[in-house]
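# Residue-level structure breakdown
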Amino acid sequence: MSIDVELQQAAVKYKNKQKVKDRFISALIGVFAIIWIFPIAWTIWTSLRPYKDVRANGVFSMPKTLNLDNYTQAISRMDLPLYFWNTAAITIPAVFLTLFFGSLIAFVVSRYSFRWNVSLLLLFTAGNLLPAQLVFIPVFKMYVTLGKAIGIPRVLYDSHWGVVLIHVAFQMGFATFVLSSYMKTVPKEISESAMVDGASVFVHYSKVMLPLLRPALASLGVLMTTWIYNDFFWALVLMSTDSKRPITSALGRLQGEFVTDYNLLAAGATIAALPTLIVFFLLRKQFVSGLTLGSTKG
Amino acid sequence: MMSDLNNGISRRSVLKGAAVGGIGLAAGGSLLAGCGDKATGPLAYGARSVDAGPTAQNEALIAAYTAKTKNEVKYNATESNAFQNNLSQYLQGTPDDTFEWMAGYRMQFFAEQGLLADLTGVWDAIGDQYTESYKIASTGLDGKQYFVPKSWYPWGLHFRKSMFADLGLNADNVTNWDEYLKMLDGMKKKGLVGFAAGDKGGWEAMGTFDILNARINGYQFHVDLLAGREKWTDAKVTEVFTYWSQLIPYMNPNVLDLEWDGAMQLLLQKKAGSMLMGSWFGGNFKEQSEADYADLSIIPFPEINPEHGRDTIDAPIDGWCVAANGTNNDGGADFLKFAGDMEGVNATLAAKDANGALIPMTSANSGQDTASYDPFQKEQLAVMAEAKYITQFLDRDTRPDFAGPVVGPAIQSWFKNPKDVAKIQDTLQSQWEALPPLA
Amino acid sequence: MSSTAKDITTVSRRRAFSKTDRTTLSAFVGVPLFFHLLLVWVPALLTILLSFTYWSGISISRIKWAGLANYKNIFFDTPAFWEAVKNNIIWLGWFGLIATPIGILLAYQIDRQIRGHKFYETAYYLPVVLSLAVTGIIWNFLLRPDGFVNGLFGRDIDNAISFFGNYDINIYVILTIASWRHIGYIMLLYLAGLKSVDLSLREASALDGATEWQTFKKVVFPSMKPVNIIVIVITIIESLRAFDIVYIIYGSSAGFPILGTLVFQNIAGEGASMKGAAYAVILFVLSIGPIIAYLRATFKSDVQ
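Residues numbered from 1 in each chain as written. Chains lettered and ligands numbered in written order. Predicted model: local features only at pLDDT ≥ 70, side-chain atom pairs only at ≥ 80, totals over all residues. Heavy atoms only, no water.

### Focus: the interface of chain A and chain C
Where the parts come together, the accessible area they lose is often given as the size of the interface. Counting residues at the interface gives 94 residues for chain A, matched by 103 residues for chain C. For the pair chain A and chain C, the summed buried area comes to about 9500 Å², and 76% of that belongs to carbon and sulfur atoms. Broken down residue by residue, the surface that chain A buries against chain C is led by Trp36, Gln133 and Leu134 of chain A, which jointly contribute 8%. On inspection of chain A and its partner chain C, the count reaches one salt bridge. Across the pair Asp22 of chain A and Arg112 of chain C runs a salt bridge, and its minimum N-O distance is 2.6 Å. Joining chain A to chain C, the criterion identifies 16 residue pairs in polar contact (both at pLDDT 80 or more). For the side of chain A that touches chain C, the element with the highest residue contribution is helix H1 (residues 2-48) of chain A, accounting for 17 residues. Among the residues making up the side of chain A that touches chain C, the classes are represented as 66 nonpolar, 18 polar and ten charged. (Contact = heavy atoms within 4.5 Å. Buried area = accessible area lost by both parts, 1.4 Å probe. Salt bridge = Lys/Arg side-chain N within 4 Å of Asp/Glu carboxyl O. Polar contact = N/O pair within 3.5 Å; in protein donor to acceptor, adjacent residues only side chain to side chain. Helix = DSSP H or I, 4+ residues; strand = E, 2+ residues; numbered from the N terminus. Nonpolar A, V, L, I, M, F, W, Y, C, P; charged D, E, K, R; others polar.)

What follows is the structure, encoded as structure tokens:
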């Protein structure tokens, strides 16, 4: 009996020690979390202060006014609606096509057994990991040559579709991999009964599997949207007309144009970051589960 | 094999038509023969700056052109660095019909690759408004013209008249190296940065190298060095760095953290006493305030070697080209006939900045009445007129795959370790020799 | 009857696919495969080929065979290359020994649901959601000569601490900014993986009197082998591929050379040459090892 009591006491003491450690750890992580978001907070703070106020009184002065002037100015002077439209014109088709193509391959590879299934998966996944600079010159030349050949120079180069296609080609691998892992968790009986019922491959895909994929597609869609939205390299090198570029590539230009007006620039940067931030806050669950599907199997 | 670089331009007096006396075509400009006879259709204009001043100028120019010819012009502006990085792709893919560019080998290179349209027709129409040296600067390696000049600016020593007055300095007394160092000393004692410098972009300090090399070793050596006829390991080059290191104590400590506009800020905020830079930033001073602009002054970089005096200067020429792959080459050429003519120049000169003031521009066209120059522009003119030889700037005068990737970082690493001169010289020479043949 | 994969196999092998089915399957695989090959693998092979030529990237008719000249140039005549390699190695060391472990430990603590874990999860992950262009602007505000940090120290533009220009410290500044993002990313990846660790294992270990640290070291960490491999591979690949942050801060100037910017500097702009292709190939070759390790770890069960 007394041994039990001793054990219990030891367990309690251990738990208390751990609790103290935990409080310390939590505090430490907490302090760093504040430091972590400080840069973002400082930028938002900068965006709320009028430029004249800062110029007159210095960066650390207590603000005389805080307003959204910089934001209204940013929207009007930086052509932001145009750049956001470009972003949408690139991101939405790219995400849609990536999910679509990814689901096709994932479907074939996970519901049917062909000899080259694994090779396909390997090919796509490896392709996703290649450095973008490795393919840039030939892709550019292909786009331009095609344009010359069919008489429409802007068919792919300096066109939203050109950027969409390169995103799709690269991100397909990740989508395929994630969706095929997910599809493996769908019970075989479903496919089995569909085939017994005489369903064609197409019906198998569209009416049976696709509806079941919705959660995975949602999560993956959230991830892909964020990644493609945030890219700035491809739009930079595959487009020559600045007014067609998405908001992220345009930020470089805005930084050059408004180099001394930090407050205006801060507002512009905040607006540019808003979509992904909003998506993140509202759809955090999907975000995390998208990564879950991608990093572990089943 | 290395193609023969037509580096630099030697001319007795650059602005024979525009300097002292303001001869040539006065107000009015020449009549454009046949302009507007055929509608050349809509065209696209590619600008390589998004700054307020140049944009206002372009808008004024395009408005005047459209009013005259009823041709639609689409305006496409890109930030300067992005434009330069993208130029090769831009010209191959979907270039605008006419676009802003620079004279020198930078232009000749693209002409030689077949990416620029032949502008001999434009020069036939307006060539008489430019001096011979501008025509030479606009000529490609094959003898045809591919460029229409717009404006020029000198690289010189800039300072603020008010600061000189406060320090009891007289700009006329800063004509040679010793006097300059004495001046810098005085500034340092007063807590100022004597020689504002920023080299974060990798190209800014090339101006200092150019002028020191020209002052110490002369124009011919400088041109030969950039063309590969002299060696970077030569003791003459070592001398350049020796003199340069004498300036280091008077520079701001964070040279590699500032770009050109950071150095300019030092001058603007009266924290620095002098700055070697191209005069283009005058517009930025003017945007700040008229008083600041009026305070700005320029003198030639001091003499170092009496044998060469102050006979050489970097004076890059900016202008336009027509892209061979554009959809409307004729339209582009037609536009340049207007832009390069006094009519276009006058329209550009009438542009106003955000404060409603006129934007200063030193036109390459002999027709611009130099009597109408403001004091700062007159000083720039004087600096230019004194020089016998004009160069375009290191990154416009030598191979682009040498200037940016090799010389830029080499100078930056010298700033990091000024004692490493020998090693840097060796690297420069070996990398020059290792350059692949141009293809 | 209970179906297994084998049953499906035998079922599908027994019945031949109808013509429509075959067309559908071919299209399902063929179309995506076409785009993927055409825009990723074919260009990759072409770039590898181009690295053995002299070319300015403009006229195809002017391509000249160069053999190994570009590579010789890079290895023997370009000190910037070795500087870049050094920087990438430092990057790798920092990420591997500091950033990634912090991310892992953070994930572990948050998974344990210490107080405030929901807030922490959001806070640390926030930087990952931002575009690198925005990140560059944010940090520029802080570290510019006339920015926040210099202002804190009472310095102004003429005597500012040179965060980006002082080559003794700037690599650590860049790495801090990169870690700001990397740590959150690793944290979330690891968090996701931790959810699959058997809770009872951890409870058993706690009952045995092990401290949390011992539990992590001896029980949790070893059981996360697949995730560990993925995290390691991502760390390596991100260190090699690093480009965006440096480009945002330094533009295309070669002031801070890493492999990624060397590629860009030599294939974009007027000084383009196939040296850029050679750099890209070197980058690729260095990435092959990690890529294969990743593929092995992820597809091990499939290959059996």
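Let us keep going from here.
### So, the interface of chain B and chain A
Counting residues at the interface gives 17 residues for chain B and 23 residues for chain A. For the pair chain B and chain A, the two sides together bury roughly 1500 Å², of which 49% comes from carbon and sulfur. The largest per-residue losses of area from chain B upon contact with chain A belong to Gln89, Gln92 and Thr94 of chain B, which jointly make up 33% of the total buried on that side. Run the count over chain B and chain A and you get zero salt bridges. There are six residue pairs in polar contact (both at pLDDT 80 or more) connecting chain B and chain A. Among the elements of the structure, strand S3 (73-77), helix H2 (80-92) and helix H10 (260-268) of chain B are those that each provide at least two residues to the side of chain B that touches chain A. Element by element, the count of residues in the side of chain B that touches chain A is highest for H2 of chain B, at four residues. For the side of chain B that touches chain A, the class distribution of residues is three nonpolar, ten polar and four charged.

### A closer look at the confidence of the model for chain C
Residues and elements named next belong to chain C. Looking at chain C, pLDDT values average 84 and 93% of them are 70 or higher. Mean pLDDT across the secondary structure elements of chain C bottoms out at helix H1 (residues 5-14), with 47, and peaks at helix H2 (residues 19-50), with 93. Considering only residues more than four positions removed or in separate chains, one finds that residues 1-14, a stretch of pLDDT under 50, has 13 contacts. As scored by the predictor, the complex reaches a pTM of 0.85 and an ipTM of 0.84. (pLDDT = per-residue confidence, 0-100.)

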